[in-house]
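This is what each chain is made of:
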Amino acid sequence: MSNEPLVLGIETSCDETGVGIVRGTTLLADAVASSVDEHARFGGVVPEVASRAHLEAMPATIEMALAEAGVSIGDIDAIAVTAGPGLVGALLVGTATAQALALATSKPLYGVNHLAAHVAVDRLEHGPLPRPAIALLVSGGHSSLLRVDDVTADVTALGATIDDAAGEAFDKVGRLLGLPFPGGPHIDGLAVTGDPRAIDFPRGLSGQRDLERHRFDFSFSGLKTAVARWVELRQRDGEPIHLPDVAAAFQEAVVDVLTRKAVDACRQEGVEHLLLGGGVAANSRLRELLGQRCTAAGLILRVPRPGLCTDNGAMVAALGAALVESGRPASALGLPVDSALGVEQVSVG
Ligand code: KG4
Ligand code: ZN
């Protein structure tokens, strides 16, 4: 019998209802129900629709995860749940479920940070995390550069976006190019046949003056406006727009800045391990360029497979197991949700 903790994790911070089960660093089940199709016609995630979808999907998703792992709820050693950041109504569905399970099974409850969970998930793919590591987290809701000395207790924010998240920029540019929501994967697909040098779009917060104050921060809203203006001018003049070129040039501008700053953070901190996470980590050009730049800089890059990079319950369970293994205290049964939970707070009281 393994003495590694068997942990069930619940994720409901945005539009994915995720229930994952891990034993230590071994993934046993990863059940995810997404409400993304229900939001598509609105061009973005509608919080009330997301909350209701979590409520409807939760029981079946828990059943699916338990069946996939071949365990019963009574076997579980601890329950972990995302307590923030995220949409407050959506978070509440997850925490209420986790509280009920913890109460019914008399097992400890861990309310965890969604961003730290995105980092911890790599335990399931590549084993225990290197210490220290720099993490680049890029998704529809967040874009952060972190220094992670201990994912259970010591996470430092080096920088973050000052406006749109990277995935949000992909989705907004996708919308203005007439692509379905979410735009990220469509832009990635279109860009394959486009020329990234066809248009010279701006690299946010990369000029000398900006770097002095915002060395590890990101800004994507100026880039989005530049793409909108470029398209408008062509349309006004009746000139043809080659969508693959626009997609490739936009994508290159995002990916160039993300990779440059991530490698710079490793250099400045003297850290040789870089971890990539979040939904945008599925982007083929980001993975390619980051790989090239890490190799050139002598850095070791760890990227979980795309299914673990997007929001899921296994990442929450992975962080929960790390907290149990490190002997960190459990949360109170009535744990709070915090829609703006700071990235440096790994778990809540
Ligand atoms: O982590 P995630 O599933 O949910 C959030 O926490 O936001 O990330 C979703 C985001 C969306 O903005 C989506 O467009 C983006 O990840 N995304 C991509 C790709 N696949 C997903 N962006 C660029 N290229 C992709 N291949
Ligand atoms: Zn996320």
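As for the overall build of the chain
Thought 1: The number of helices and strands found in the chain is 13 helices and ten strands.
Thought 2: Taken against the 2.2 N^0.38 rule, which gives 20 Å for 349 residues, the C-alpha radius of gyration of the chain at 20 Å falls within 12% of a compact globule.
Thought 3: With respect to the three principal axes, the spread of C-alpha positions in the chain is 65 × 45 × 30 Å.
Thought 4: Each of the 349 residues in the chain was classed as buried or not, and the buried ones make up 54%.
Thought 5: Carbon and sulfur atoms provide 52% of the accessible area of the chain, an area that totals close to 14,200 Å².

Observations regarding helix α2 (residues 47-69)
Thought 1: Between its first and last C-alpha atoms α2 spans 30 Å; for 23 residues at 1.5 Å apiece the expected length is 33 Å, and the two agree.
Thought 2: Met-58 marks where α2 bends most, by close to 45 degrees; the proline Pro-59 follows one to four residues later.
Thought 3: Within the span of α2, buried status applies to Ala-50, Ser-51, Ala-53, His-54, Ala-57, Met-58, Thr-61, Ile-62, Ala-65, Leu-66 and Ala-69.
Thought 4: The secondary structure elements touched by the buried residues of α2 are β1 (6-11), β2 (16-23), β3 (26-34), α1 (36-40) and α3 (88-105).

Some words on the domain arrangement of the chain
Thought 1: Annotation of the chain at the domain level lists domain 1 (6-121 + 312-348) and domain 2 (131-306).
Thought 2: For domain 1 and domain 2, the distance between their C-alpha centroids amounts to 27 Å.
Thought 3: The partner domain 2 presents 20 residues to the 23 residues of domain 1 that form the contact.
Thought 4: Across the domain 1/domain 2 interface, buried area totals approximately 1,700 Å², and carbon plus sulfur atoms make up 71% of it.
Thought 5: It is His-118, Val-119 and Glu-344 that lose the most area in domain 1 upon contact with domain 2, and together they represent 31% of the buried surface on that side.

A word on the packing of helix α10 (residues 243-269) against helix α11 (residues 284-297)
The angle between the axes and the distance between the axes are what describe a pair of packed helices.
Thought 1: One way to put it is that α10 packs onto α11 with a least axis distance of 9 Å and a crossing angle of 30 degrees. Once α10 is placed against α11, the crossing between them reads as right-handed. Packed against α10, whose contacting residues are Gln-251, Glu-252, Val-255, Asp-256, Leu-258, Thr-259, Arg-260, Ala-262, Val-263 and Arg-267, the element α11 presents Arg-285, Leu-286, Leu-289, Leu-290, Arg-293 and Ala-297 at the interface.
Thought 2: Among the residues forming the contact of α10 with α11, the class breakdown is eight nonpolar, two polar and six charged.

Description of the site of ligand 1
Thought 1: Taken together, 19 residues surround ligand 1, and among them Gly-140, Asp-171, Asp-188, Gly-279 and Asn-283 come closest.
Thought 2: Note that an oxygen atom of ligand 1 is positioned 3.3 Å from one of the side-chain N or O atoms of Ser-139.
Thought 3: Measuring from an oxygen atom of ligand 1, one finds a backbone N or O atom of Gly-141 at 3.2 Å.
Thought 4: With the chains in place, 89% of the 560 Å² that ligand 1 exposes on its own is no longer accessible.

Focus: helix α7 (residues 183-191)
Each α-helix turn comprises 3.6 residues. Residues three or four places apart therefore point the same way.
Thought 1: Restricting attention to buried positions, one finds in α7 the residues Gly-183, Gly-184, Ile-187, Asp-188 and Ala-191. In a view along the axis of α7, the buried residues occupy a sector of 135 degrees, so they form one face of it.

Focus: the sheet that holds strand β4 (residues 78-84)
Thought 1: With respect to topology, five strands assemble into an open sheet ordered β3-β2-β1-β4-β5, the strand pairing being mixed. Each having just a single partner strand, β3 and β5 (109-113) make up the two edges of the open sheet. Looking at each pair of strands side by side, their axes are set apart by 20 degrees on average, direction ignored.
Thought 2: Sheet topology note: the β1/β4 ladder contains four bridges and is parallel. Bridge pairing in β4 places Leu-8 opposite Ile-79.
Thought 3: Relative to β4, α3 is tilted by about 160 degrees, and along the sheet it contacts β1, β4 and β5.
Thought 4: Seen against the sheet, helix α13 (residues 313-325) touches β1, β2, β3, β4 and β5 and runs at an angle of roughly 135 degrees to β1.

What counts and what doesn't
Residues numbered from 1 in each chain as written. Chains lettered and ligands numbered in written order. Predicted model: local features only at pLDDT ≥ 70, side-chain atom pairs only at ≥ 80, totals over all residues. Heavy atoms only, no water. Helix = DSSP H or I, 4+ residues; strand = E, 2+ residues; numbered from the N terminus. Rg over C-alpha atoms; globule rule 2.2 N^0.38 Å. Buried < 20%, exposed > 50% of the residue type's maximum accessible area, 1.4 Å probe, protein only. Areas by Shrake-Rupley, 256 points an atom, 1.4 Å probe, with all protein chains shown as cover. Expected span 1.5 Å × (residues − 1). Bend = angle between axes of the 7 residues up to and from the residue. Contact = heavy atoms within 4.5 Å. Domains from an automatic or database assignment. Buried area = accessible area lost by both parts, 1.4 Å probe. Axes fitted to C-alpha atoms, helices over the stretch in contact; angles between N-to-C directions. Left-handed = near helix turned anticlockwise from the far one by under 90°. Nonpolar A, V, L, I, M, F, W, Y, C, P; charged D, E, K, R; others polar. Near = heavy atom within 4 Å. Polar contact = N/O pair within 3.5 Å; in protein donor to acceptor, adjacent residues only side chain to side chain. Arc of directions from axis to C-beta. Pairing = 2+ DSSP bridges.

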